[in-house]
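Now for the letters of each chain:
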Amino acid sequence: MLGQDPHSLAFRCNLCGALTSALPAQLTREGASCGGCGSSVRQRAVVRLLSLGLFGESLAIGDFPLRPDLTVLDLSGAEIYARRLAGKLGYVNTFLHREPRLDIAAPDPSWLGRCDALVSSDVFEHVAPPVAAAFTSALRLLRPGGLLVLTVPFTRDGPHAEHFPELHDFRIAEEDGRRVLFNRTADGRRQRFGDLVFHGGEGRTLEMRVFSRASLLAHLAEAGFAETALHPEPEPRSGILWHHDWSVPATARRPL
Ligand SMILES: [Zn+2]
């Protein structure tokens, strides 16, 4: 391409199919790095892992086989891949606060055991404690052999940080222009938390925890997942590079 920085990486976005390029330093987890659709490395990695898990190869969504028979649930999935996946798969994007609703801590029993794949990208750090319930439900939503594609921010070596371990009956209020969380614990004690961290997006955006690599893997194992793997591997042709080995996507399967 004329005028292209010689250090830039040319790639084909696996969401929109655009041929585009970016400097490696621009290929961050969250930054919009596709010149076509604005997808991030995380979003392209999610689609890559879904494609590998369902079809055994990393395809752009436009090249997916038409498989409406494959049931894929997503939890507040990004719109830029949700509508494209829905054109190829039996894909349902679900939400906590609007239809079609799904509370990952307590999913409707009609969904259980039906999913060929469940996608959850940067949701589990926002689920009210105990987060173990979300991991257990994720397993139960899948059919035996079904695939989980999961991303959460996590630290490489740090401890798991659970911000509100006794969360029970809580509300978030504004105090002097800042948001504060008031909680009443199960045994009736009142707690107040400042310094809240919110992430973008609708629904559960309050950060409830920061996983560690160890706590993420332990939660998956305790829920009964098998074939668990973290994915720091690059796929330059799809614009997927990781500059670090934490907060990378994970996959796991419900045992047969
Ligand atoms: Zn794109």
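Note: the structure precedes this text.
A.B. asks: Lay out the environment of A134 with the relevant residues and their values.
C.D. replies: For A134, the position within the fold is in helix α3 (residues 132-141). The residues touching A134, leaving out its near neighbours within four places in the chain, are I104, A105, F124 and V127.

A.B. asks: Give a description of the packing of α3 against helix α4 (residues 213-223) that names residues and reports values.
C.D. replies: Packing of α3 against α4 brings their axes to within 9 Å, and their N-to-C directions diverge by 50 degrees. The orientation of α3 relative to α4 falls into the category oblique. Where α3 crosses over α4, the two elements pack in a sense that is right-handed. Within the contact between the two elements, α3 uses A132, F135, T136, A138 and L139 and α4 uses H219, L220, E222 and A223. Here the residues of the contact of α3 with α4 sort into 6 nonpolar, 2 polar and 1 charged.

A.B. asks: Let's hear about the nonpolar core: which residues, and what values?
C.D. replies: With 54 residues, the main nonpolar core has L50, V72, A117, L118, A138, L148 and V149 as its most contacted residues. When residues of this core are assigned to their parent elements, the largest contribution, 7 residues, is made by helix α1 (residues 41-55). For L118, the contacting residues outside a window of four places in its chain are L73, A138, L141, L142 and L148.

A.B. asks: Go over α4 with me, naming the residues and quoting the values.
C.D. replies: For α4, every residue scored as buried is listed here: S215, L216, H219 and L220. Along the long axis of α4, the arc covered by the buried residues comes to 135 degrees, so they all point the same way. Where α4 is buried, its residues touch α3, β7 (154-155), β12 (209-212), β13 (226-230) and β14 (250-253). One or two positions beyond α4, positive phi appears at G224, with a value near 105 degrees.

Cut-offs used in this document
Residues numbered from 1 in each chain as written. Predicted model: local features only at pLDDT ≥ 70, side-chain atom pairs only at ≥ 80, totals over all residues. Helix = DSSP H or I, 4+ residues; strand = E, 2+ residues; numbered from the N terminus. Contact = placed C-beta atoms within 7 Å. Axes fitted to C-alpha atoms, helices over the stretch in contact; angles between N-to-C directions. Parallel < 35°, antiparallel > 145°, perpendicular 65-115°, else oblique. Left-handed = near helix turned anticlockwise from the far one by under 90°. Nonpolar A, V, L, I, M, F, W, Y, C, P; charged D, E, K, R; others polar. Core = buried A, V, L, I, M, F, W, Y, C linked by C-beta atoms within 7 Å. Buried ≥ 20, exposed ≤ 12 C-beta atoms within 10 Å, placed from the backbone. Arc of directions from axis to C-beta.

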